[in-house]
Amino acid sequence: MISLSTMGIIAVSRYFCVVKPEKYIVLFTKQRTLMYIGVVWCVAMVGSVPPFFFKNGGFEFQPGKAMCLYTFESNIAYTAFIECVYIGTPLTIITICYAKVFYTVSRSNRVFSQENNPQQLRANVEEAKVTKTLAAVMVGFTCCWLPICIMDYIDAARGEHTLPRQAYLTYGFLAYLSSSINPFIYGVTNKQFRREYKAILSKMFCFRCQNNND
């Protein structure tokens, strides 16, 4: 929930940065941004507290998934609340913000191309690149967590874990994968990241070769 909420803040900040830059300067100062992050993280953590007080269910170790998780089938009302407030709402905000950002950048590029303003066009292109990278991160996150949510819905609807063992192993794999794919996404979508990665790998390779020669 914290990851998705953080992505929601990033999407909102990109929206104001690109669509309403005059308000972005006021709303997203360093202090206010830290405050936004702190509030969102606290709200996300508060959502994890009620299951500790459930008489039946709550958090428990699930052998099929090989991890300790909230049992979604133990309290359907709370599960629906979590899915709507902590998952559905951030995803809706992220989708709307990025859609408006891409629309604004596309429209601005056409205007500045007609006006032959290469400097402003270059700035918009850079904004578009950053936004595309963040959108790619969101797509990667969704691809990992959408199957997880579907499996949780199935378990909640059936009231027990009925999926094959392979499905639950995939569940755990996708959960951990979502935290490790971002560096690869950055490398694919951003030339600067690729250049830095190549420099780091080259230094590591040269260092290893020197050790082998010694």
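Residues numbered from 1 in each chain as written. Predicted model: local features only at pLDDT ≥ 70, side-chain atom pairs only at ≥ 80, totals over all residues. Heavy atoms only, no water.

## A closer look at the overall build of the protein chain
Scanning the protein chain for helices and strands turns up eight helices and two strands. Walking the protein chain from its N terminus toward its C terminus, one meets helices and strands in the order α-α-α-β-β-α-α-α-α-α. Per-residue burial for the protein chain yields a buried fraction of 32% across its 214 residues. Residue pairs at least 24 apart in sequence account for 63% of intrachain contacts in the protein chain once pairs closer than 6 positions are excluded. Carbon together with sulfur atoms contributes 66% to the accessible area of the protein chain, which is approximately 13800 Å² in total. (Helix = DSSP H or I, 4+ residues; strand = E, 2+ residues; numbered from the N terminus. Buried < 20%, exposed > 50% of the residue type's maximum accessible area, 1.4 Å probe, protein only. Contact = heavy atoms within 4.5 Å. Areas by Shrake-Rupley, 256 points an atom, 1.4 Å probe, with all protein chains shown as cover.)

## Considerations on the UniProt feature "transmembrane region" (unreviewed entry) in the protein chain
Per the UniProt entry, the sites bearing "transmembrane region" (unreviewed entry) are residues 33-54, 76-99, 134-154 and 166-188 in this numbering. Helix makes up 100% of residues 76-99 and strand 0%, whereas the separation of the span's terminal C-alpha atoms amounts to 32 Å. When the span residues 134-154 is considered, its composition is 100% helix and 0% strand, and the gap between its end C-alpha atoms is 30 Å. (UniProt positions renumbered as here; feature names shortened; annotations may be inferred.)

## What about the side chain of Asp-155?
With respect to the element layout, Asp-155 can be found in helix H5 (residues 118-158). Looking at Asp-155, the relative accessible area reads 1%, which means it is buried.

## Some details on the nonpolar core
Across soluble globular proteins, you tend to see nonpolar side chains buried next to one another. Residues Leu-4, Met-7, Ile-94, Tyr-98 and Met-138 are the most contacted members of the largest nonpolar core, which totals 21 residues. Secondary-structure elements contributing two or more residues to this core are helix H1 (2-18), helix H4 (76-114) and H5. If near-sequence neighbours (up to four positions away) are discounted, Met-7 is found in contact with Ile-94, Val-137, Met-138 and Phe-141. Judged by nonpolar contacts, the second largest core, of 16 residues, contains Ile-82, Met-151, Ala-156 and Tyr-168. (Core = buried A, V, L, I, M, F, W, Y, C linked by side-chain atoms within 4.5 Å.)

## Structural notes on the packing of aromatic side chains
One pass over the full model with this rule turns up eight aromatic pairs. Relative to Tyr-86, the ring of Phe-81 has its centre 6.2 Å away and its plane inclined at 80°; by these criteria the two rings are edge-to-face. Three or more aromatic residues link up through ring pairs in this structure, and these residues are Tyr-15, Phe-16, Tyr-24, Phe-28 and Tyr-36. (Phe/Tyr/Trp six-rings, centres within 6.5 Å; stacked < 30°, edge-to-face > 60°.)

## Section: the side chain of Glu-83
Following the sequence through the fold, Glu-83 ends up in helix H4. Assessed through its relative accessible area of 8%, Glu-83 is described here as buried. With residues near it in sequence (within four places) discarded, Glu-83 still touches Phe-72, Gly-88, Cys-149 and Tyr-153.

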